[in-house]
Structures are given as C-alpha cells and as structure tokens.
Amino acid sequence: MTSDLDREAERVRQVYARRAERGLDARYAYWTPANLFIYQSRERALLSLLRSEGMLPLSDRHVLDVGCGDGAVLQDCLRYGARVEDLSGVDLLADRVESARARLPGATLEVGDGQSLPFEDARFDLVLGFTLLSSVLDDDGRRRLVIEMLRVARPGGLIVLYDFWINPFNRDARPLKRDDVRSLFAGHTVEFRRTTLAPPITRALAGLPGGWLACTMLGIIPFANTHYLAAIKV
C-alpha cells in the first residue's frame, strides 16, 4: 500500500520531470543577467546571515542540503570554507544526484526523501533547505520534513531555509509564509532576512542598460522581494 510519504515524493518527481520535458531548467541558467542578479543577491544575504550567526568559515562544519539538486549550493559551501568530505546532500531525483556527485567527488550524496533522511541524529552543524518546503503541498509532508531536519541537526546548530512567500503563477508549489515557518519550528528562535526581487521584474529589467541598478534600487522596497532566508536555531 502506498503511503502518504511515497505519494508526495512521487508527485514532486513528476513535477520536475514535466519541467525538464518543457525545457524549463534552462530558464534558471546561472549566466543569464536575471539569474545572476538573483543568485548573487541571495548569496550576499546568505553570507551575511551565516556571518552574523558565527558560522563562517565553514571549516570543520558538517553541512547537509536537503533537496540538494545538482549540488550547486553545496559547491558554494566549499568557497565558504567547508571541506568536501563534510558535505552531504539528499535529493529525490537520481540524475541530479549523479550530477552532484560529478561536481563534488568525496561528498556524501544520496538519492532519497527528505521526509526520511538516511543520517543519524545530531550529525550536522548546518542544515539547508532551499525552496524545499514550498515544493511540498500538504501540511503533513512539511511537518515530516521539518521533524527530520531538526532530528539530524546538532544542538546549537542552524537550519537555513530559502523560500518564497508569494508565487501566484506556480501551481506545483505552495508559498511558505513566515507564519508557516514559525508554526513548523515552534519553540525555536527564527530570524528572517528578505531577499530576491520578484523574478518577473528581474527578468524584465536585468538585461537592459541600467537594469542592474534598477533592480538594486527596487530591491530596497520590502514588498518587492518575493523570497526570504530563515535562520532557525536548534
């Protein structure tokens, strides 16, 4: 009999398969002006957050990325001082895990479901979940993910989420409100930092003359940012 856990995992696999068939992955190529602006803005916010939490450099830190995809975020962690043998990741999609293994030989990268992580309790100093919880539509699935992330994070460690609070055009995802995060991590201190100018605006402006400056100025407006970073202290 198929469990709720298995059904939700299969739904997510189908979403990404449809996206690949439609050629939408190319839309997120790092080198396009809009994506470069988005990724660099997120990275600045992430480094500021990690610095404020005393997590930098990441040397001697064990890091897990739940929903690691092709390992791009874990690769960033190498630049932040992490050792490759201290990096771990889990993703539902086997082809993405293979890409991550090619990118990060020596890291521990597994095909698996974040709702049942293949790691022991209190192993990781830093647990990452980038656009992870918004990809899960039902409340129970989100709770299972959070329970697992908390289980594998060591006491005194940090969980960092990057997610969006609004996205009216994506029916395969469900926005993650700040109150949702507070409820899911009840009893833990949560700090939010806004980031990411609305992608439709960024795509329209970033490649134009003066577009980078325009995006930077618009990003100062709080409601123009569709995403945030959330730091949860364990």
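Residues numbered from 1 in each chain as written. Predicted model: local features only at pLDDT ≥ 70, side-chain atom pairs only at ≥ 80, totals over all residues. Heavy atoms only, no water.

Draft legend 1. Structural detail: the overall build of the protein chain. Across its full length, the protein chain carries eight helices and seven strands. Its C-alpha atoms give the protein chain a radius of gyration of 17 Å, near enough to 17 Å, the size a compact globule of 234 residues would have. Looking at the 234 residues of the protein chain, the share that counts as buried comes to 45%. Of the roughly 11,500 Å² of accessible surface on the protein chain, a fraction of 55% belongs to carbon and sulfur atoms. (Helix = DSSP H or I, 4+ residues; strand = E, 2+ residues; numbered from the N terminus. Rg over C-alpha atoms; globule rule 2.2 N^0.38 Å. Buried < 20%, exposed > 50% of the residue type's maximum accessible area, 1.4 Å probe, protein only. Areas by Shrake-Rupley, 256 points an atom, 1.4 Å probe, with all protein chains shown as cover.)

Draft legend 2. Up close: helix H5 (residues 139–152). In this model, H5 (14 residues) spans 20 Å end to end at C-alpha, consistent with the 20 Å of a helix rising 1.5 Å per residue. Where H5 is buried, its residues meet strand S1 (63–66), strand S4 (124–130), strand S5 (153–164) and helix H6 (178–184). Sitting at the amino-terminal end of H5 is Asp-138, which places a side-chain oxygen 3.2 Å from the backbone nitrogen of Asp-140. (Expected span 1.5 Å × (residues − 1). Contact = heavy atoms within 4.5 Å. Polar contact = N/O pair within 3.5 Å; in protein donor to acceptor, adjacent residues only side chain to side chain.)

Draft legend 3. Region of the structure containing unusual backbone geometry. In the segment running from Leu-56 into Pro-57, the intervening peptide bond is cis, with an omega of -5°. For Pro-57, the position within the fold is in the loop between helix H2 (33–52) and S1. With a phi angle near 45°, Thr-131 is a residue other than glycine that sits in the positive phi range. On the secondary structure map, Thr-131 appears in the loop between S4 and H5.

Draft legend 4. Geometry of a nonpolar patch on the surface. A surface patch of nonpolar side chains, amounting to about 330 Å² of accessible area, comprises Leu-213, Met-217 and Ile-220. Mapped onto the fold, Leu-213 is located in helix H8 (residues 211–218). (Patch = residues over 30% accessible without salt bridge, like charges linked within 9 Å, V, L, I, M, F, W, Y side chains within 5 Å. Salt bridge = Lys/Arg side-chain N within 4 Å of Asp/Glu carboxyl O.)

Draft legend 5. Spotlight on the sheet that holds strand S6 (residues 190–197). Within the open sheet, the seven strands sit side by side as S3-S2-S1-S4-S5-S7-S6. Their pairing is mixed. Lying at the two open borders of the sheet, with one neighbouring strand each, are strand S3 (108–111) and S6. Averaged over all pairs of adjacent strands, the angle between their axes in this sheet comes to 15°, without regard to strand direction. This element, H2, spans S4, S5, S6 and strand S7 (225–233) of the sheet and lies at about 160° to S6. Across the sheet, H5 lies against S1, S4 and S5, angled at about 145° from S5, the strand it touches most. (Pairing = 2+ DSSP bridges. Axes fitted to C-alpha atoms, helices over the stretch in contact; angles between N-to-C directions.)

Draft legend 6. Quick look at the packing of aromatic side chains. This structure, assessed with the given rule, holds five aromatic pairs. Seen from their ring centres, Tyr-30 and Tyr-39 are 5.6 Å apart, and the 10° between their planes marks the pair as stacked. Residue classification places Tyr-30 among the partly exposed positions, given a relative accessible area of 44%. Both rings, one in Phe-130 and one in Tyr-162, keep their centres 5.6 Å apart while their planes meet at 50°; by these two values the pair is tilted. With Phe-130 in strand S4 and Tyr-162 in strand S5, the pair connects residues that are 32 residues apart, well separated along the chain. Look at Phe-130 and you get buried, because its relative accessible area is 9%. Exposure remark for Tyr-162: the relative accessible area of 5% places this residue in the buried category. One Lys or Arg, Arg-42, reaches over the ring of Tyr-162 and ends 5.1 Å from the middle of that ring. (Phe/Tyr/Trp six-rings, centres within 6.5 Å; stacked < 30°, edge-to-face > 60°. Lys NZ or Arg CZ within 6 Å of the ring centre and 35° of its normal.)

Draft legend 7. Seen up close, the side chain of Asn-35. If you trace the backbone, Asn-35 turns up in helix H2. Discounting residues that sit within four places of it in the chain, Asn-35 has contacts with Arg-27, Tyr-28, Ala-29 and Tyr-30.

Draft legend 8. Focus on the packing of H2 against H8. Where H2 contacts H8, the two axes come as close as 11 Å, and the packing angle between them is 40°. With respect to H8, the axis of H2 lies oblique. By crossing handedness, the relation of H2 to H8 is classed as right-handed. Residues Pro-33, Leu-36, Phe-37 and Gln-40 of H2 form the contact with H8, whose own contacting residues are Trp-212, Cys-215 and Thr-216. Per-class residue counts for the contact of H2 with H8 are five nonpolar, two polar and no charged. (Parallel < 35°, antiparallel > 145°, perpendicular 65-115°, else oblique. Left-handed = near helix turned anticlockwise from the far one by under 90°. Nonpolar A, V, L, I, M, F, W, Y, C, P; charged D, E, K, R; others polar.)

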